Amino acid sequence: MKNKEIIKLIENDINNDIKSIVYKLDAEKLLLFLLMQQEIMFSTLKDEQSEYKETLSESFSYTINIIKHYKKINPKKLQNYNFTEYINLKKDKLDYLISLLLTKSKITDFKIYINKQGYKLHIENNLLTITHEIDNYIK
């Protein structure tokens, strides 16, 4: 299997997991949660953490687009929920969603890195290994 095919399989699995979580959660409350997280993030993180802000912002935007597209939510007609209890109840799923979103971003960076550096990916028994054509290549 080629590098692109392996990474595409991983990306598809992650995207499917993200969509699955989005489908299971209340769309309006999830959207409000993401918007709130983004507001907190941009008002509290220091400028040195701008790369982290950008990664999370892109990830949240991706999720918001899923919500808008698949759940048909109109952000202009959101209710003003007190959703603290909902967040506490769904904390595990929300944490897992954010973890998947960050992994999705890292996979994109990884894809660029391995292609530029000439690494080869191999999957055997669900174990992903990276090799390079040059033995003892400095990594």
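Structural data are supplied above this passage.
Position numbers for residues start from 1 in each chain and track the written sequence from start to end. Totals for whole chains, interfaces and linings use all residues, but because this is a predicted model, local features are given only for residues with pLDDT of at least 70 and pairs of side-chain atoms are given and counted only at 80 or more. As a rule here, side-chain values come from all non-hydrogen atoms in the structure, and water together with hydrogens is ignored.

Asker: Can you tell me about helix α5 (residues 91-117), naming the residues and giving the values?
Answerer: Working definition: helices are DSSP H or I runs of at least four residues, strands are E runs of at least two. Numbering for both runs from the N terminus. Expected helix span is taken as 1.5 Å per residue step, with the number of steps being one fewer than the number of residues. Taking 1.5 Å per residue as the helical rise, α5 with its 27 residues ought to reach 39 Å, and the 38 Å between its terminal C-alpha atoms agrees with that figure. Any residue under 20% of the maximum accessible area for its type is buried, any over 50% is exposed, and the rest in between are partly exposed; the area is computed with a 1.4 Å probe on protein chains only. Turning to α5, its buried residues are Leu 94, Leu 97, Ile 98, Leu 100, Leu 101, Ser 105, Ile 107 and Ile 114. Downstream of α5 by one or two residues, Gly 118 has phi in the positive range, about 80 degrees.

Asker: Lay out the packing of aromatic side chains with the relevant residues and their values.
Answerer: Stacked, tilted and edge-to-face pairs are distinguished by plane angle, under 30 degrees for stacked and over 60 for edge-to-face with tilted covering the rest, among Phe, Tyr and Trp rings (Trp via its six-membered ring) whose centres lie within 6.5 Å. The final tally for this structure, using the stated rule, is 1 aromatic pair. With centroids separated by 5.8 Å and ring planes inclined at 25 degrees, the aromatic side chains of Tyr 113 and Tyr 119 adopt a geometry described as stacked. For Tyr 113, a relative accessible area of 41% gives the class partly exposed.

Asker: So what about the pattern of salt bridges? Which residues, and what values?
Answerer: For this analysis, a salt bridge means a side-chain nitrogen from Lys or Arg found within 4 Å of a carboxyl oxygen belonging to Asp or Glu. In the structure shown here, the tally under the stated rule is 2 salt bridges. Close ionic contact of Lys 111 with Glu 11 constitutes a salt bridge, the shortest N to O distance being 3.1 Å. Pair noted here: Lys 111 is in helix α5 and Glu 11 is in helix α1 (residues 3-24), with a separation of 100 residues, a long-range link. Using a relative accessible area of 28% as the deciding quantity, one classes Lys 111 as partly exposed.

Asker: If you had to explain the pairing of strand β2 (residues 127-132) to someone new, which residues and values would you point to?
Answerer: Judged from the 6 bridges that link them, strand β1 (residues 119-124) and β2 form a sheet pairing that is antiparallel. Paired with Leu 121 across the bridge in β2 is Ile 130. Where β1 hands over to β2, the hairpin turn is made up of 2 residues, of which Asn 125 adopts a positive phi near 55 degrees. A pair of strands counts as paired when DSSP detects no fewer than two bridges linking them.

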